[in-house]
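# Survey of secondary and tertiary structure
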Amino acid sequence: MSTAAYQGATAEAIRHHYDVSNDFYGLWLDGSLTYTCALWDESGAELAGIQGDLEAAQARKLDYLIEGARAAGAGRVLDVGCGWGSLLKRLTGIYGVRHATGLTLSDSQAELVRASGIARTEIRVENWLDHEPTEGYDAIISIGAFEHFAKTGLTRAERIAAYREFFERCYEWLPSHGRIALQTNIKGNNTVMDKATVRELMFIIETIFPESEIPALSEVVESSEKLFDVVSLRNDPDHYSRTCGEWLRRLQENREAAVRISGEENVVNYENYLGASVRHFKNRHLGLARIILEKGR
Ligand SMILES: C[S@@+](CC[C@H](N)C(=O)[O-])C[C@H]1O[C@@H](n2cnc3c(N)ncnc32)[C@H](O)[C@@H]1O
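Structure report, in brief.

## Brief notes about the sheet that holds strand S7 (residues 286-295)
Read across the open sheet, the 7 strands follow the order S3-S2-S1-S4-S5-S7-S6; overall the sheet is mixed. The open sheet has two edge strands with one neighbour each: strand S3 (121-125) and strand S6 (228-235). Pairwise comparison of adjacent strand axes, ignoring direction, gives a mean angle of 20° for this sheet. Against the sheet, helix H3 (residues 54-68) contacts strand S4 (139-143), strand S5 (179-187), S6 and S7, and its axis sits at roughly 150° relative to S4.

Structure below.
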């Protein structure tokens, strides 16, 4: 195992978050258990929370990234950080992908994906750094995992080196002109923070997502230079604010069951983290990048 060089959150830190309980997450995520920012309809009414269905907005997001990566009908697709398997299911079930591989560091996520018996899909509890496929991939998609690839407190140069390692692996695995569809939280442009904001962000880093640090957009782009061209890029902070608001509403609707499953302290922590996230995306302390990258040759 080559993780000596690994600069991201450890498997223990990842499990601290994702292994809380599958039933707990099932109470407030949508039916596909997608745990990343959705893509709401651009009409405005959805973003304003007047209408909109979370499951449909999650499916729209998966479709956007599948199309961006040109994964439809592909032979082999890699999902780095596959969560509870919603993308894998869509790739093989709807988009005719012949073989999908999902990587996660969470045992409970892997158990659930295995139990749901998604066709032509391999699920591995494995760090991307240790992944050694016997064949390459036609497309790579990674949604909401990049935030864990550099641990808290590294310098900008160290973070870029850690991210570059990821892009080098992807480069190795993809054919010429192969694509990555990457979705990640990014630091926002609003760096003016009062003490309460700093405290809330520290609470998220220390209690909710230990050992993880959100990248700056420039770090993502710089670390992919000379390996990948940016094909398209959108920043959707309002979409994440709206998604977190929806998750919080569902958690509060199911509060009693959530406390029974995971305890009062955990539920209060999640209410605080989701509430803070609604505000920080809205205030532009955080952003949400969806980037399509293409290997040059
Ligand atoms: C926020 S979840 C997103 C899950 C899924 N992509 C979704 O949209 O619902 C982040 C995922 O990244 C995985 N992850 C984090 N760091 C990883 C690493 N170094 N190697 C493989 N998976 C990793 C976690 O185990 C988890 O499955």
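Having seen the model, we can carry on.
## A short note on the pairing of S5
Counting buried positions along S5 yields 8 of 9 residues, so the element is predominantly enclosed. Sheet analysis places S4 next to S5, joined by 5 bridges and oriented parallel. Bridged to Ile-140 within S5 is Ile-180. The β-α-β motif built from S4, the intervening helix H6 (residues 156-173) and the parallel element S5 has right-handed crossover chirality.

## Structural notes on the nonpolar core
Judged by nonpolar contacts, the single largest core of 37 residues is most densely connected at Trp-28, Tyr-35, Trp-247, Tyr-270 and Tyr-273. Mapped by element, the contributors of at least two residues to this core are helix H1 (11-18), helix H2 (22-28), H3, helix H7 (195-208), helix H9 (237-253), helix H10 (255-262), helix H11 (264-282) and S7. Sort the elements by how many residues they give to this core and H11 lands first, with 6 residues. In this structure Tyr-270 touches His-17, Val-20, Phe-24, Tyr-25, Trp-28, Tyr-35, Ile-208 and Leu-251, once residues within four positions along its chain are discounted. Listed in part, the 28 residues of the second largest apolar core include Tyr-163, Leu-174, Ile-180 and Ile-186.

## Some details on the packing of aromatic side chains
Under the definition given, this model contains 27 aromatic pairs. On the basis of an interplanar angle of 65° and a centroid distance of 5.4 Å, the ring pair of Phe-24 and Tyr-25 is categorised as edge-to-face. We note that Phe-24, like Tyr-25, is buried. Taking 6.0 Å as the distance between ring centres and 55° as the angle between the ring planes, the aromatic pair formed by Phe-167 and Phe-228 counts as tilted. Of the two residues, Phe-167 is situated in helix H6 and Phe-228 in strand S6; the sequence distance between them amounts to 61 residues.

## Quick look at the packing of H7 against H11
The contact between H7 and H11 brings their axes to 10 Å, and the two run at 130°. Judged by the angle between their axes, H7 and H11 are oblique. Between H7 and H11 the crossing geometry is left-handed. Contacts between H7 and H11 pair Thr-197, Glu-200, Leu-201, Phe-203, Ile-204, Thr-207 and Ile-208 from the former with Asn-269, Tyr-270, Asn-272, Tyr-273, Ala-276, Ser-277, Arg-279 and His-280 from the latter. Class assignment of the residues belonging to the contact of H7 with H11 gives a composition of 7 nonpolar, 6 polar and 2 charged.

Rules used in this analysis
- Residues numbered from 1 in each chain as written.
- Predicted model: local features only at pLDDT ≥ 70, side-chain atom pairs only at ≥ 80, totals over all residues.
- Heavy atoms only, no water.
- Pairing = 2+ DSSP bridges.
- Helix = DSSP H or I, 4+ residues; strand = E, 2+ residues; numbered from the N terminus.
- Axes fitted to C-alpha atoms, helices over the stretch in contact; angles between N-to-C directions.
- Contact = heavy atoms within 4.5 Å.
- Buried < 20%, exposed > 50% of the residue type's maximum accessible area, 1.4 Å probe, protein only.
- Right-handed = clockwise from strand over helix to strand, strands pointing away.
- Core = buried A, V, L, I, M, F, W, Y, C linked by side-chain atoms within 4.5 Å.
- Phe/Tyr/Trp six-rings, centres within 6.5 Å; stacked < 30°, edge-to-face > 60°.
- Parallel < 35°, antiparallel > 145°, perpendicular 65-115°, else oblique.
- Left-handed = near helix turned anticlockwise from the far one by under 90°.
- Nonpolar A, V, L, I, M, F, W, Y, C, P; charged D, E, K, R; others polar.

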